[in-house]
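Examining the three-dimensional arrangement
Residues per chain are reported as follows:
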Amino acid sequence: MAVSVFNTRRRTSLVSAFIARTRMFISTPLPQVRDKVSRTKPPKPHGGGGERRRKKQPQEAAARAGGGMGGSSASPCDLDREFAPQIAQLLATPPLQPAQEYYNGLIQSRKHDGIRVNFSSKHGKGVCANKEFAEGDLILKDQILVGAQHSLNKIDCAVCSYCFRFIGSIEFQIGRRLYWQSVGSSSDCTNRRHCHESDVGSSASSSGATKENSSTLPEEVLGSLITGDMSLPFTDHFSLPQVVPCRGCEEERYCSQSCADSDWETYHSLLCTGSKTEPSQRSALQKFIEHANGSNDIFLVAAKAITFTLLRYKKLKTQPEFQNNTDESNFSLLMEAWKPLSMGYKKRWWDSVALPEDVDSCDEDTFRQQIRDLALTIIIFCVSQSLQLLKDAIFDSDGLVVASPVEDYFIHIDDLPDDEKCNISQEEAEKVTRPFLDALGEDYAAPCEGTAFFPLQSCMNHSCCPNAKAYKRDEDTDGNAVIIALEPIKKDDEITISYIDEDVSYEERQAELADYGFICTCPRCQEEKPN
Ligand SMILES: C[S@@+](CC[C@H](N)C(=O)[O-])C[C@H]1O[C@@H](n2cnc3c(N)ncnc32)[C@H](O)[C@@H]1O
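Note that the structure is a prediction, hence the values are computed from the model and not measured.

**Points about the UniProt feature "domain: MYND-type" (unreviewed entry) in the protein chain**
According to UniProt, the feature "domain: MYND-type" (unreviewed entry) maps to residues 246-272 in the numbering used here. Secondary structure content for residues 246-272 is 37% helix and 7% strand, and the end C-alpha separation is 9 Å.

Below you can see the structure in the form of structure tokens.
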């Protein structure tokens, strides 16, 4: 995919390696990995799936965690051998001083003067208060570096592909969701290239797969909601930005031209499946997207991380000081382009993958060694290793959540005062909107959900008695992460959040945190630890 995007230009061998590794990951069948992302916490590293009845031998579990390829005789990957030193450099933990300078610069450019990133030998990076915060104060609004809405969630919520704000109108949100429900199974919809909600009226009736809860609503009604020909009462209180289409494809849409332009410049120009993309590249991209939708949509975030890096590289290359075309200088440039993502580096995949429940902790070292050996010798793991460039960022990623305005809308209708001054009484408004609420079903308020890498939130360490939490206020209508003080925080105090539900016993907390790869020694754990 990305190779052909660049094939009209002369590339240096190192950049070719980076891109070719991308191609491998795109064109080779990938293991089906589960991806469960918590709403506000860093996701656990992926573990192996499968049955949990008996304790497995570490070899058996390692093979399973790698997609059951343990018996494969595939050959090792040449690129991994040829570019081993450069790959090691790309994967290395950034040295302390450049990392400190990077975070200082990031905090300064984003004007987050209330915090700083510190480095300690105990927990690595951590975030400290640079000033006092009172309970309820906003500590940080952290802008996404790379993120994507979950594929299936696209059916529930139409959001800006760049900032993840809900778009269109309440009618558009309700109409398109009911339309997709009526069209049939979610997975069909995400891969359907020729079926778009703009087709409503032509395709919906021919699908034959109608969900019970939307069967009472005629297709014409859904069409009128989508096109704006039909209005629901009081939706003017919940106006949403107009939809701005992508300049190339029908898949991405935005809340503004500026978001459309930013997405194009930062990621999407290399991922667009529209008419501006050359047919062979378009077909490769479509295959990749279908594969990601059908297996694990985290690969879409991975692809965005790659395009983010390549487009940054291209931009840096145009600067006069980087005109020198030696391999060495091109590699330094690639490192520079990769820097924002490299900062999220945690561990290699085989070191961070959660220990399957059926492997004894005393077998952990053997299990990890087995996975590592597989990774280095079996081609499918070469692919995984290629993805390591991206996984580093993804391992530090958080759930992207934006509350639905559809929820606020129905709550508003429910709470309307039965006031004579209103043009339409509460009872009437309820009567008009009830069929839509019923058709949407229990999940009527589904939020926008996805996976994103937040560069500063991901530096926050865990505590079971946190002094801050990720919390979206009413005004936080985009995908950015928002951190609020839970209690007064003094200058220089570490700012901590909880990665888990902390309202459980010491044992349950430690079991949950084991998947994050550490034993919590926060003041509460020290107090509650059994003797
Ligand atoms: C989201 S990162 C937090 C930033 C991290 N300290 C760093 O250097 O990038 C999560 C990782 O930080 C470390 N960590 C976070 N909270 C911790 C704690 N309370 N005790 C020990 N390690 C912790 C663990 O390695 C965990 O996997």
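What follows continues from the structure just given.
**Describing the pattern of salt bridges**
Two side chains bearing opposite charge may form a pair once their charged atoms approach each other closely. Within the structure shown, the criterion is met by 15 salt bridges. With a closest N to O distance of 2.9 Å, Glu528 and Arg524 form a salt bridge. Of the two residues, Glu528 and Arg524 both sit in helix α22 (residues 523-528), 4 residues apart, roughly one turn of that helix. Three or more residues joined by partner-sharing salt bridges are found here, namely Lys141, Arg165, Arg473, Glu475, Asp476 and Asp478.

**Observations regarding the packing of aromatic side chains**
Across all of its chains, the model carries 10 aromatic pairs by this definition. When the centroid spacing of 6.5 Å and the interplanar angle of 55° are considered together, the rings of Tyr103 and Phe119 count as tilted. With Tyr103 in helix α6 (residues 96-109) and Phe119 in strand β1 (residues 115-120), this residue pair connects regions lying 16 residues apart in the sequence. Overall, Phe119 belongs to the partly exposed group, its relative accessible area being 26%. When the centroid spacing of 6.4 Å and the interplanar angle of 50° are considered together, the rings of Tyr162 and Tyr267 count as tilted. With Tyr162 in the loop between α7 (153-156) and α8 (170-183) and Tyr267 in the loop between α12 (257-266) and α13 (279-295), this pair connects stretches of sequence that are 105 residues apart. Tyr162 sits in the partly exposed class, given a relative accessible area of 24%. In textbook terms, an aromatic cluster arises when at least three aromatic residues are bridged by ring pairs, as seen for Phe238, Tyr409, Phe410 and Tyr444.

**Digging into unusual backbone geometry**
For residues other than glycine, phi is negative in most cases, and the peptide bonds are mostly trans. Of note, Lys111 is a non-glycine position whose phi angle comes to about 60°, a positive value. Within the element layout of this structure, Lys111 appears in the loop between α6 and β1. Overall, Lys111 belongs to the exposed group, its relative accessible area being 69%. A positive phi angle is found at Asp492, which is not glycine, with a value near 80°. Summarising the element assignment, Asp492 is placed in the loop between β11 (481-485) and β12 (494-497).

Rules used in this analysis
Residues numbered from 1 in each chain as written. Predicted model: local features only at pLDDT ≥ 70, side-chain atom pairs only at ≥ 80, totals over all residues. Heavy atoms only, no water. UniProt positions renumbered as here; feature names shortened; annotations may be inferred. Helix = DSSP H or I, 4+ residues; strand = E, 2+ residues; numbered from the N terminus. Salt bridge = Lys/Arg side-chain N within 4 Å of Asp/Glu carboxyl O. Phe/Tyr/Trp six-rings, centres within 6.5 Å; stacked < 30°, edge-to-face > 60°. Buried < 20%, exposed > 50% of the residue type's maximum accessible area, 1.4 Å probe, protein only.

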